[in-house]
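As a plain string of letters, each chain reads:
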Amino acid sequence: MLKKVTKNSLASLLLCGFVGAAAAQAYPTKTITIIVPFPPGGTTDVLARAVAQKLGPVLGQSVIVDNKPGAGATLGAGLAAKSSPDGYTLFMGAVHHTIAPAVYKTLPYSFEKDFAPITTVALVPNIMVVSEASPYKTVKDVVAAAKAKPDSLSYGSNGNGTAQHMIGTQFQMLTGTEILHVPYKGSAPLATDLLGGQVTMSFDTITPVLPFIKEKKLRPLAVTTAKRSSTLPSVPTMKESGINMDIGTWFGLLAPAATPKEVTARLNTEIVKIIKSPEFQKQMFDIGAEPVGNTQAQMAKQISEETAKFSGLAKAAKLAIE
């Protein structure tokens, strides 16, 4: 009896393997959608469209981007987590989603449990910028002004619980300052108010502010990563400016957790090839991004470690959103 069960079990496993392999070979047979949890124009959107443009021809199907902004990027994440796990709905997640569990008291999904990592697309340094009309020339100028008049300065972010929010919070903790936080739904409306002087500064990623820096409409003061940006090598780091900070924003593709492993493995293979191509690498450099293209396991480890790290930072800062 035991022998019979073992043979039957083995036969079932082999059958599942064949079915899974066949499903992966047949995939895709229709349009694939990448949900982006921010409005068009921001780094998340730009990276998703860059991948979609090259992934479509490789897979022989259209790959489109669907922007679902709101709630600090958690609205789009919730929609993606609950979508059909068939490989036809993907999600462009980011470091924001490893912060959200520590900041929001309730979320309609678990970023670690409800998603299957595919690959990290790129790391983009965050950069402290002010309007070119601003009197502040250095990070020290900003700190001095903030200490002289608490809450007289303000910084914008892409929403509560996002990386920009967390970076602004850590900046205040490290410098002993009090700066007003102004949340936006995305980089585009934030940049508009930054250029108009409605907010003093932002800690956005390089990509959406790079054109304004090149046009000398925004002044870069420091990048928040330990190393200088290869796109803006003359801009100092926060550490070089006297503040012990090392935070960047990564962006990566995920699928609903129950998506067949053969499908996510194929997506990893094809997308990593795209990321490693010279054309894509140059495209990333031009927008201030550092291309990654890691394994599914490496991305899962990254998510786990950063969720724990930001949980500690959020608790120290006493951040909590209903």
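Here the structure is shown first, and the text comes after it.
Q: Would you take a moment to explain the environment of P101 for this structure?
A: Relative to the helices and strands, P101 resides in helix 4 (residues 96–103). Classification of P101 by relative accessible area gives partly exposed; the value is 40%. P101 sits 211 residues away from G312 along the chain, and the two C-alpha atoms are 11 Å apart.

Q: Please explain the side chain of S157 as it appears in this structure.
A: Looking at the secondary structure, you find S157 in strand 6 (residues 154–157). Each residue touching S157, except ones within four places of it in the same chain, is listed here: T162, Q164, H165, H181, V182, P183, Y184 and L190.

Q: Just to check I follow, could you spell out the pairing of strand 4 (residues 115–125) for this structure?
A: Regular strands have side chains that alternate between both faces of the sheet. Within strand 4, 10 of the 11 residues are buried, leaving the element largely enclosed by the surrounding structure. Here nine bridges tie strand 4 to strand 10 (residues 248–256), and the two strands are oriented antiparallel to one another. Within strand 10, the residue paired with V124 across the bridge is T249. Note: strand 4 against strand 11 (residues 290–291), two bridges, orientation antiparallel. Paired with A122 across the strands is P291, a residue of strand 11.

Q: Is there a simple way to explain the pattern of salt bridges in this structure?
A: Here the idea is simple: oppositely charged side chains can pair when their charged atoms come close. For the coordinates displayed, the defined rule picks out eight salt bridges. The residue E279 makes a salt bridge to K54 at a minimum N-O spacing of 3.8 Å. Taken together, the positions of E279 in helix 10 (residues 278–286) and K54 in helix 2 (residues 43–59) put the pair 225 residues apart, joining distant regions of the chain. For K54, a relative accessible area of 17% translates into the label buried.

Q: Any chance you could explain the packing of aromatic side chains here in plain terms?
A: What describes a pair of aromatic rings is the distance from one ring centre to the other and the angle between the planes of the rings. Tallied over the entire structure, the rule returns six aromatic pairs. Ring geometry for Y109 and F115: centres 6.2 Å apart, planes at 85°, overall edge-to-face. The two residues Y109 and F115 agree in class, both being buried. An aromatic cluster of three or more residues is present, and its members are F91, Y109, F111 and F115. The ring of Y88 has K30 sitting right over it, with the charged end atom 4.8 Å from the ring centre.

Q: Please clarify how the nonpolar core should be interpreted in this entry.
A: Soluble globular proteins tend to pack their nonpolar side chains together in the buried interior. The biggest cluster of nonpolar side chains holds 49 residues, and the ones touching the most others in it are M92, I127 and L267. Tallying contributions element by element places helix 2 first for this core, with seven residues. Look past the residues within four positions of L267 in its chain and what remains in contact with it is Y27, L55, L59, L90 and I118. Within the second largest apolar cluster, 44 residues are counted, among which are A145, Y155, M201 and I243.

Conventions and cut-offs
- Residues numbered from 1 in each chain as written.
- Predicted model: local features only at pLDDT ≥ 70, side-chain atom pairs only at ≥ 80, totals over all residues.
- Heavy atoms only, no water.
- Helix = DSSP H or I, 4+ residues; strand = E, 2+ residues; numbered from the N terminus.
- Buried < 20%, exposed > 50% of the residue type's maximum accessible area, 1.4 Å probe, protein only.
- Contact = heavy atoms within 4.5 Å.
- Pairing = 2+ DSSP bridges.
- Salt bridge = Lys/Arg side-chain N within 4 Å of Asp/Glu carboxyl O.
- Phe/Tyr/Trp six-rings, centres within 6.5 Å; stacked < 30°, edge-to-face > 60°.
- Lys NZ or Arg CZ within 6 Å of the ring centre and 35° of its normal.
- Core = buried A, V, L, I, M, F, W, Y, C linked by side-chain atoms within 4.5 Å.

Remember, this is a structural readout, not a statement about activity or role.
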